[in-house]
Each structure stands twice: as C-alpha cells, then as structure tokens.
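Now for the letters of each chain:
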Amino acid sequence: MTILEIITGKKPSLSFEVFPPKTIDNFDSVLGAATEIAKLHPSYMSVTYGAGGGTSKYTAAICHTLGSQGITPLAHLTCVSSDRAKIHEELRQLRENGIENILALRGDIPVGFVQSNISYHHASELISEISAAGGFCIGGACYPEGHPESANSSADIDALKIKVESGCEFLTTQMFFDNNILYNFLYRIYRAGINVPVVAGIMPVTNAAQIKRLMSISGSALPQRFVRIVDRYGDNPAAMKQAGIAYATEQIIDLYANGINAVHVYSMNKPDVAAAIKANLTEILR
C-alpha cells in the first residue's frame, strides 16, 4: 500500500519513525524496538537513512522486516554523498525488498566532503530521478519554520514547489512545537499552489537533554508554555517524560481537530513513548 493511499483515507493516520543502528552490533536491539512499535499497528513506519548512506543496508533490512509483519514501510533515501549509480543500486535493493515508498531527502553534507563531488545538490533532483525510474510513491520534507539554508520564506516555498513539480506526492514536516506555525505554513503553501497532502511531524520531548540537541539541529521555536514545562520538570526524568508525552498528545489532538488527518511521530526508537501516545488516542483513531 502506498503512503499516499494511507494518508488520504477517511480515518486519521498515526505513524512512527525509527532509525537504524550505526553498526551491526546494535542491529538486533534496534530491530527489536522497531518490532515492538510495529505491534501498535501504526498506519505506517518510516526508517531513516544514515548520513552518507552508511546505514542504508540496515534501512532496507528493517523496512523488509516491518513489511513482513504487515506494516507499510517508508524508507528514507538521501543523496548528498551519493552518485547516480549508487542511488540506482539503492532503488534496486528497495525493490528487491518489496519497498514501494520512499522519503527522498538531500541530507546533511558530511564534514570534509568535497562539494564538487556532489551529484545531487537538491532533494528535487533525487525526486526527479526516482520518479523517472518509476515504481515508487515519493515523499519529501518540508519546513514550517523555513529551511535553515533558505534566504527567506518565499525562496523556501519556491524550492518546495520544485520538489512537488519533480514528482513529490506528499510532504512530511520537520518537528514543530506550536501548531499555529504549521497552520500558517499550510495557508502559505496552498496559496502558492502546492496542494499535495502534508503529514505533520511531532517530536515528543521526554527529557531535558533533548532540547539543546533539537535546537541545534532544527532551530524550532519553543512556545513559552513548553519552556515552562521544561523549566518545571526538566530535573525530574519521570515527570518530564510524562509531561512531554502529554504535550505531544495535545498537539496531535489539536491537529486532528483542525483537519490535519496525518501525523507522524518521531519516536526515537522508544516503544514505550510510542505506546503511550497511541494509548492516549485510541478513541480518536477509531
């Protein structure tokens, strides 16, 4: 089943993300976590792709396992440090594993990588390549608060429009902590003629240490109500975890209530966090 079919269905969709291990030593534990999350019967599960493609074989293996358990897998594929031959080899492997859904990303440029060696400078180029190859449902990323490399919001939306015109069939947002930011973003992209489905990406922050790391990666704005939660419970791990799950759940409920029917949870390989969020939404998801 394609992700497009899932997220445009009548029922709200709730999906989770896992990331593969950096080395084979941790593969079994990561696969175990992914399998536990799969038992929650999410709408689909995405599996990330390590910087430079270093975990690509694990991505395909985890996706294949999820597919064998009846879960629709979404394989991430990044292109910044790959040439076209490598990308087509990755596509061949995904086909062999029965994977038909790809989230196509440029990826972060590895430290020390020579820019002149880059075959793909933008995700739109990868999307176009996959579209030409055929046989895949293609998604892309979008940034409600703007891509950090974009000159301004207009340039960011122009780049997003190129992704869609290149063959992107749905978009998944970077994490955000204020739903109004997403609603404003959707208004702007729809006015620009971008009308593919958008999946809202939600990150449950379950410990205070995540905050600094997330801010350095995403630059997401933190609402004062969220800052107060961290200030109050950040030194109490159990309370912070409970508060973080509650905050993410509240975001998701508000999204569904406002017509955003597809939510993707960055669950960080934590089955207990995924299970808690799913438990908070059982009646809403019926």
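Given the structure is predicted, the values throughout are model-derived calculations rather than measurements.

## Quick notes on the state of the cysteines
In the structure shown here, the tally under the stated rule is zero disulfides. The thiol of C168 is unpaired, and the distance to the nearest cysteine sulfur, on C142, comes to 8.5 Å. Owing to a relative accessible area of 4%, C168 belongs among the buried residues under this scheme.

## So, the pairing of strand β3 (residues 73-78)
Where burial is concerned, most of β3 is hidden: six out of the six residues are buried. Neither face of β3 is left uncovered, since the one carrying P73, A75 and L77 and the one carrying L74, H76 and T78 both have all their residues buried. The sheet contact formed by strand β2 (residues 45-47) and β3 spans three bridges and is parallel. In the strand pairing of β3, S46 is matched with L74. Looking at chain direction, β3 and strand β4 (residues 101-105) are connected through four bridges and run parallel.

## Some words on the pattern of salt bridges
Scanning the entire structure with this criterion turns up eight salt bridges. K39 serves as the salt-bridge partner of E36, at 2.8 Å between the closest nitrogen and oxygen. On the basis of relative accessibility, which here comes to 52%, the residue K39 falls in the exposed class.

## Observations regarding empty space enclosed by the protein
Under the definition given, this model contains two cavities of 30 Å³ or more. One number sums up the size of the largest cavity: a volume of about 50 Å³. Y49, S56, T59, A60, A75, H76, L77, E90, Q93 and L94 together form the lining of the largest cavity. Secondary structure elements with two or more residues in the lining of the largest cavity: α3 (56-68), β3 and α4 (84-96). Of the residues that constitute the lining of the largest cavity, the class distribution is five nonpolar, four polar and one charged. As a volume, the second largest cavity reaches approximately 40 Å³. Lining the second largest cavity are P204, T206, Q210, Y266, S267, M268, K270 and V273.

## Examining the packing of helix α7 (residues 179-191) against helix α10 (residues 237-257)
At their nearest, the axes of α7 and α10 sit 10 Å apart, and the two run at 30 degrees to each other. In this structure, α7 meets α10 at a crossing whose hand is right-handed. From α7, N179, L182 and Y183 reach across to α10, where they touch Q251, D254 and L255. Looking at the contact of α7 with α10, its residues break down into three nonpolar, two polar and one charged.

## Observations regarding the layout of surface pockets
The space that makes up the second largest pocket amounts to roughly 250 Å³. Lining the second largest pocket are 14 residues, with K11, P12, S13, S43 and L285 positioned closest to its centre. Of all the secondary-structure elements, those providing two or more residues to the lining of the second largest pocket are α1 (3-7) and β1 (13-18). Tallied by class, the residues present in the lining of the second largest pocket amount to six nonpolar, four polar and four charged.

## With respect to the packing of aromatic side chains
Going through the model one piece at a time under the given rule, you end up with three aromatic pairs. Ring plane angle 40 degrees and centroid distance 5.7 Å describe the contact between F27 and Y58, whose orientation is recorded as tilted. In this pair, F27 is assigned in helix α2 (residues 27-38) and Y58 in helix α3, connecting sequence segments 31 residues apart. Classification of F27 as buried rests on a relative accessible area of 13%. Assessed through its relative accessible area of 9%, Y58 is described here as buried.

## Things to note about the environment of V227
Here V227 lies in helix α9 (residues 224-233). In this structure V227 comes out as partly exposed when scored by relative accessible area, which is 23%. Expressed as a C-alpha distance, the spacing of V227 and I211, which sit 16 residues apart in the sequence, is 9.7 Å.

## A short note on helix α5 (residues 123-133)
Structurally, the α-helix is built with 3.6 residues per turn, so residues lying three or four positions apart point the same way. By the burial criterion, the buried members of α5 are A123, S124, L126, I127, E129 and I130. Next to the buried residues of α5 lie β3, α4, β4, β5 (137-142) and α6 (153-166). The positive-phi residue at the C-terminal boundary of α5 is G134, with phi of around 80 degrees.

What counts and what doesn't
Residues numbered from 1 in each chain as written. Predicted model: local features only at pLDDT ≥ 70, side-chain atom pairs only at ≥ 80, totals over all residues. Heavy atoms only, no water. Disulfide = S-S within 2.5 Å. Buried < 20%, exposed > 50% of the residue type's maximum accessible area, 1.4 Å probe, protein only. Helix = DSSP H or I, 4+ residues; strand = E, 2+ residues; numbered from the N terminus. Pairing = 2+ DSSP bridges. Salt bridge = Lys/Arg side-chain N within 4 Å of Asp/Glu carboxyl O. 1 Å grid on protein atoms, 1.4 Å probe; cavity = no way out; pocket = protein on both sides within 12 Å on 5 of 7 lines; lining within 4 Å. Points joined across faces, edges and corners; volume = space filled by probe spheres on them. Nonpolar A, V, L, I, M, F, W, Y, C, P; charged D, E, K, R; others polar. Axes fitted to C-alpha atoms, helices over the stretch in contact; angles between N-to-C directions. Left-handed = near helix turned anticlockwise from the far one by under 90°. Contact = heavy atoms within 4.5 Å. Phe/Tyr/Trp six-rings, centres within 6.5 Å; stacked < 30°, edge-to-face > 60°.

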